[in-house]
Amino acid sequence: MIDPKDRPSVADMPVRRLGVDDLRDCLLLAIDRKWLPEEAKWRLLFEVGEVYGIDDPEGGLAGTVVLSRYGPRLGAVSMVLVATRYGRMGLGGRLMRHLIRQAGDATLFLTATEYGRGLYEKLGFTAVGTVVTHIGQLRPEPEDFKQDGVRPARETDLEAIGRLDLRASGAPRAEVIRRLPRFAERTRVAERAGEVTGFGAAWRNVDNVVVGPVIAASTAMARALIAELTADLHGPVRLDVDTRHRALAEWVSSRGAVPAFSTTLMTYGGDLPGDRARLYTPVMQALG
Ligand SMILES: CC(C)(COP(=O)(O)OP(=O)(O)OC[C@H]1O[C@@H](n2cnc3c(N)ncnc32)[C@H](O)[C@@H]1OP(=O)(O)O)[C@@H](O)C(=O)NCCC(=O)NCCS
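Residues numbered from 1 in each chain as written. Predicted model: local features only at pLDDT ≥ 70, side-chain atom pairs only at ≥ 80, totals over all residues. Heavy atoms only, no water.

(A) Highlighting the site of the ligand. Surveying the vicinity of the ligand reveals 21 residues, the closest of which are Arg 88, Gly 90, Gly 92, Gly 93 and Lys 122. Note that an oxygen atom of the ligand is positioned 3.2 Å from one of the backbone N or O atoms of Met 89. Thr 113 places a side-chain nitrogen or oxygen 2.9 Å from an oxygen atom of the ligand. For the ligand, whose accessible area on its own is 920 Å², the fraction buried by protein is 74%. Its atoms largely coinciding with the cavity grid, the ligand occupies the largest pocket. Going through the elements one at a time, strand 4 (74-82), helix 3 (91-103), strand 5 (107-112) and helix 4 (114-123) are the ones with two or more residues in the shell around the ligand. (Near = heavy atom within 4 Å. Polar contact = N/O pair within 3.5 Å; in protein donor to acceptor, adjacent residues only side chain to side chain. Areas by Shrake-Rupley, 256 points an atom, 1.4 Å probe, with all protein chains shown as cover. 1 Å grid on protein atoms, 1.4 Å probe; cavity = no way out; pocket = protein on both sides within 12 Å on 5 of 7 lines; lining within 4 Å. Sits in = over half its atoms within 2 Å of the grid points. Helix = DSSP H or I, 4+ residues; strand = E, 2+ residues; numbered from the N terminus.)

Here is the structure:
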């Protein structure tokens, strides 16, 4: 234990780029804030994003933040965490300002919990939407499967999936898309007249299976993809549905995955690009 009077002031604790060797400390930090130790998620973020952190002089991490870049013009912000023992001392603000500098001219987005929102507003982020997280055992009805052409995704679909994602998200996310077949437990495409027009994935997190992304041309297609992705799954699933997709949210609730909590979608430095109406659920909130 360092004597409190000998402790470096928080202003002298530098921000550094973390590596996957720091994973364990990231998980401990998450646990400190009563978040789950989401190892698979953090591993993916270390692969596709830049993880920054501040070391606690007494061991472990005092804070983290992650920037995942999608080309030069868009970046996703996630894992904004400051250890309880360092709360309200300015570290969250320092980490975020560091990330904003690193991001250059890119538009940034994140989904804010009620704890983070005040901080992001101070930094210049604006609220642009609300995302409702639905959790529960999803039990699709036979009619939900009626769309033709939903089948497991194949290696040869990756290029078409990349194009669908580019159209929906408006930014190149090849690093994320390329990893999905391995990261996800199930992937499905919707194919019509030989063309892949929809895509969905479901991946296993600590306490549920997350259904995302779901990229579709209509709510009916999104429903069919989700039904195929969750058929015969044991345990709860999680879907993060923007309130703009009301019809999908109602269907998801009616099949058993009910609203659990909501977060605020926020942007910094510009509007979100892409045809977002096609993005029914994100890969995960951390990546959009
Ligand atoms: C949110 C969190 C990262 C903030 O970190 P922090 O280091 O305590 O924040 P800071 O001390 O840098 O606060 C920066 C500013 O935001 C303000 N602020 C911080 N939390 C706030 C809140 N909940 N409501 C309003 N303002 C807040 C502070 O007053 C401070 O303003 P100031 O610079 O004028 O004094 C931290 O509370 C945390 O890890 N919470 C749990 C995890 C979480 O919810 N993360 C956000 C995910 S979106």
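Anyway, onward from the coordinates.
(B) Spatial organisation of the packing of helix 2 (residues 39-48) against helix 6 (residues 174-183). Interaxial distance between helix 2 and helix 6 falls to 11 Å at its minimum, and their mutual angle equals 145°. Relative to helix 6, the crossing made by helix 2 is right-handed. Seen from helix 2, the contacting residues are Ala 40, Leu 44, Glu 47 and Val 48; seen from helix 6, they are Glu 175, Val 176, Arg 179, Arg 182 and Phe 183. When grouped by side-chain class, the residues that make up the contact of helix 2 with helix 6 number 5 nonpolar, no polar and 4 charged. (Axes fitted to C-alpha atoms, helices over the stretch in contact; angles between N-to-C directions. Left-handed = near helix turned anticlockwise from the far one by under 90°. Contact = heavy atoms within 4.5 Å. Nonpolar A, V, L, I, M, F, W, Y, C, P; charged D, E, K, R; others polar.)

(C) Here's a closer look at the layout of surface pockets. When its volume is computed, the largest pocket comes out at roughly 1,500 Å³. In terms of residue count, the dominant contributor to the lining of the largest pocket is helix 4 (7 residues). Tallied by class, residues from the lining of the largest pocket come to 21 nonpolar, 14 polar and 11 charged. Both domain 1 (4-105) and domain 2 (133-281) contribute no fewer than three residues apiece to the lining of the largest pocket. (Points joined across faces, edges and corners; volume = space filled by probe spheres on them. Domains from an automatic or database assignment.)

(D) Structural view of unusual backbone geometry. Looking along the chain, the bond that leaves Gly 212 and enters Pro 213 is cis, with omega of 5°. Mapping Pro 213 onto the fold places it in strand 10 (residues 209-215). Although it is not a glycine, Lys 34 sits at a positive phi angle of roughly 60°. Note on placement: Lys 34 falls in the loop between helix 1 (23-32) and helix 2. One non-glycine residue, Arg 88, lies in the positive phi region at around 55°. You can call Arg 88 exposed: its relative accessible area is 87%. (Buried < 20%, exposed > 50% of the residue type's maximum accessible area, 1.4 Å probe, protein only.)

(E) Local environment of the side chain of Asp 165. Along the chain, Asp 165 falls in helix 5 (residues 158-169). On the basis of relative accessible area, Asp 165 is assigned to the buried category, the value being 1%.

(F) The pairing of strand 9 (residues 195-204), seen in detail. With respect to burial, strand 9 is a largely interior element, 8 of its 10 residues being buried. As defined by bridge partners, strand 8 (residues 186-192) adjoins strand 9 across 7 bridges and the pair is classed as antiparallel. Paired with Ala 190 across the two strands is Gly 198, which belongs to strand 9. Where strand 8 hands over to strand 9, the hairpin turn is made up of 2 residues, of which Ala 193 adopts a positive phi near 50°. Here 5 bridges tie strand 9 to strand 10, and the two strands are oriented antiparallel to one another. Considered in strand 10, the bridge of Trp 203 is made with Val 210. (Pairing = 2+ DSSP bridges.)

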